[in-house]
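This is what each chain is made of:
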Amino acid sequence: MNRLSLVGVGLLVLGAVTAAAADGRLSVPPDSNSYTLTGVIEGLDKGWVYLLHGGALTRTDSARLEKGKFAFSGTIAAPEFCQLSCIGPNGMPYHGPAFFLAGGRSVVAGRKDAFSAALISGTPVQDEYRRFDKMEGSITGEEKQKQAAKEYIRGHPSSYVAAFAILNYFSYNPDADELDSLYAGLDAAVQTSFLGLQAKEILAGAKLTAVGRPAPGFTQADAEGKPITLSAFQGSYLLVDFWASWCGPCRQENPNVVKAYRQYHSKGFSIIGISLDDQKDKWLAAVKKDGLEWTQVSDLKGWENKVAVLYGIKGIPMNFLLDKEGKIVAKGLSGEDLEKKLAELMH
């Protein structure tokens, strides 16, 4: 099933980064946490290059592009995942590559018409990431890629790329035992890095929402501002459904959810939709267009929706099926799987 994920967007620790001289001639201080990032974009003479950061405070640093060259320098506590983008003199955006930034010198070589495929090299961790990315690309099939990633993680406990692989492959609808084993195998320095701490947070959510556990309680307002509490649905089978109007895979899945609701609602099945929208009008327009006849709530905080954070949601669509006592009996149901599970429970 297709999904939209939060993982991998702007993952970089805080660092004092300065836009440096655009000729690219920067020396690296002896401090191992200091870095330079210099590059050339063929076919683009002027503009601005942006280095996307994340962490405790998401922010972007910028450097002027002159004669096709740009440069950044700064310090970071540990290697982290980040992304480049560029805006040309006519305001045209160019999406750049995602990569690992680490202490030392990194070099970017790209072209205007293929900036997303720019080559970034120079540090051991980025070179390792390139090898990992190449390995991924050589494997056909999501499950085979996931198995290869698992073997890579287990074989590289001191690797920050291994932490990235955990987030990339094991953050959506995670199996708590599997994720716990992978995280526990990482070295302490990787566990306490930004990527490692993200994996730890996902693990905590996976344990909290594992099949067989009581669903975490919550209260959130509907479109009229009326507080809706999870416990009010006890006595019915309930689907806690995370989605958003802007999520294409969610909208594609909605007809399946509508079908299941209409078939089983009279038999004691309910749904509470939790939207990760941040614009009320678009949320409600999608509810109407898709024919979502059940209870809908949202705090209009996007990915920071409090219920989504509580449930450890890192990709949507995602759902949890609860029994009449509020215990999680299944999760991540899509297509015909929801109807089959309901048929099994409500025969």
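In this report, we go over the structure that sits alongside the text. Here the residue numbering is sequential within each chain, running from 1 through the sequence in written order. Local features in this predicted model are restricted to residues of pLDDT 70 or higher, and side-chain atom pairs are both shown and tallied only at a pLDDT of 80 or more, whereas totals for entire chains, interfaces and linings draw on every residue. As a convention, hydrogens and water are excluded, and side-chain values are obtained from all of the structure's heavy atoms.

### Some thoughts on the nonpolar core
Turning to step 1, where the next piece is worked out: To define a nonpolar core, start from buried Ala, Val, Leu, Ile, Met, Phe, Trp, Tyr and Cys residues and group those joined through side-chain atoms within 4.5 Å. Between buried and exposed lies partly exposed: a residue is buried under 20% and exposed over 50% of the maximum accessible area for its type, with that area taken using a 1.4 Å probe on protein chains only. In terms of nonpolar packing, the biggest core is built from 47 residues, with Val240, Phe242, Phe269, Tyr311 and Phe320 touching the most fellow members.
Turning to step 2, where the next piece is worked out: Helix and strand labels come from DSSP, where a helix needs a run of H or I of at least four residues and a strand needs a run of E of at least two; each type is numbered from the N terminus. When contributions to this core are tallied by element, the ones reaching two or more residues are β13 (237–243), α7 (248–264), β14 (269–275), α8 (280–290), α9 (306–310), β17 (318–322), β18 (328–331) and α10 (337–345).
Turning to step 3, where the next piece is worked out: Whether two residues touch is decided by their heavy atoms; if any such pair falls within 4.5 Å, the residues are in contact. For Tyr311, the residues in contact, after removing those within four places along its chain, are Thr209, Ala215, Pro216, Phe218, Leu230, Phe242 and Phe320.
Turning to step 4, where the next piece is worked out: In this structure, Tyr152, Val161, Tyr183 and Leu195 belong to the second largest nonpolar core, which totals 29 residues.

### Things to note about the sheet that holds strand β15 (residues 295–297)
Turning to step 1, where the next piece is worked out: In this scheme, strands are said to pair when DSSP sees at least two bridges between them. Pairing is mixed in the open sheet, where 5 strands are placed in the order β15-β14-β13-β17-β18. Edge positions in the sheet fall to β15 and β18, since each has one partner strand and no second. The mean angle between the axes of side-by-side strands here comes to 20 degrees, regardless of whether they run parallel or antiparallel. With axes taken as lines fitted to C-alpha atoms, and helix axes fitted only over the stretch in contact, angles between N-to-C directions fall between 0 and 180 degrees.

### Points about the environment of Ser275
Turning to step 1, where the next piece is worked out: Assignment of secondary structure puts Ser275 in strand β14.
Turning to step 2, where the next piece is worked out: Its relative accessible area of 0% is what places Ser275 among the buried residues.
Turning to step 3, where the next piece is worked out: Each C-alpha atom, one on Ser275 and one on Trp303, is 9.4 Å from the other, the two residues being 28 residues apart in sequence.
Turning to step 4, where the next piece is worked out: Leave out the neighbours within four places in its chain, and Ser275 touches Trp243, Ala244, Trp283, Val297, Ser298 and Asn305.

### Details of the pattern of salt bridges
Turning to step 1, where the next piece is worked out: For salt bridges, the criterion is a side-chain nitrogen of Lys or Arg within 4 Å of an Asp or Glu carboxyl oxygen. All told, the structure shown has 9 salt bridges when counted by the stated rule.
Turning to step 2, where the next piece is worked out: Arg262 is the salt-bridge partner of Glu293, the closest N and O atoms lying 2.8 Å from each other. Note that Glu293 is positioned in the loop between α8 and β15 and Arg262 in helix α7, a separation of 31 residues in sequence.

### Quick look at unusual backbone geometry
Turning to step 1, where the next piece is worked out: In this chain, Ile316 is followed by Pro317 through a cis amide linkage whose omega measures 5 degrees.
Turning to step 2, where the next piece is worked out: Phi is positive for Asn173, which is not a glycine, with a value near 45 degrees.
Turning to step 3, where the next piece is worked out: Here Asn173 lies in the loop between α3 (160–170) and α4 (176–184).
Turning to step 4, where the next piece is worked out: Judged by relative accessible area, which is 27%, Asn173 ranks as partly exposed.

### What to know about the environment of Asp299
Turning to step 1, where the next piece is worked out: The topology assignment puts Asp299 in the loop between β15 and α9.
Turning to step 2, where the next piece is worked out: For the pair formed by Asp299 and Ala223, sequence separation is 76 residues and the distance between their alpha carbons is 9.2 Å.
Turning to step 3, where the next piece is worked out: Apart from residues lying up to four places away in sequence, Asp299 is in contact with Gln220, Glu304, Asn305 and Lys306.
Turning to step 4, where the next piece is worked out: Identification of polar contacts relies on pairs of N or O atoms within 3.5 Å, with a donor-acceptor requirement for protein atoms, meaning one able to donate a hydrogen and the other able to accept it, and with residues adjacent in sequence counted only if both atoms are side-chain atoms. A distance of 3.0 Å separates a polar side-chain atom of Asp299 from the backbone nitrogen of Lys306.

### Considering the packing of α4 against helix α6 (residues 194–208)
For any two helices packed against each other, the geometry is given by the interaxial angle and the distance between the axes.
Turning to step 1, where the next piece is worked out: Axis separation between α4 and α6 bottoms out at 9 Å; the angle between their running directions is 155 degrees. The angle between α4 and α6 falls in the class roughly antiparallel. For the pair α4 and α6, the sense of crossing is left-handed. Facing α4, whose interface residues are Ala176, Leu179, Asp180 and Tyr183, α6 presents Gly196, Ala199, Lys200, Ile202, Leu203, Ala206 and Lys207.
Turning to step 2, where the next piece is worked out: Residue polarity follows a fixed list, in which Ala, Val, Leu, Ile, Met, Phe, Trp, Tyr, Cys and Pro are nonpolar, Asp, Glu, Lys and Arg are charged, and the others, Gly among them, are polar. Within the contact of α4 with α6, the residues separate by chemical class into 7 nonpolar, 1 polar and 3 charged. In what follows, roughly perpendicular refers to angles from 65 to 115 degrees, roughly parallel to angles under 35, roughly antiparallel to angles over 145, and oblique to any angle outside these ranges. The handedness criterion is simple: a crossing whose near helix is rotated anticlockwise from the far helix by less than a right angle is left-handed, and one whose near helix is rotated clockwise is right-handed.

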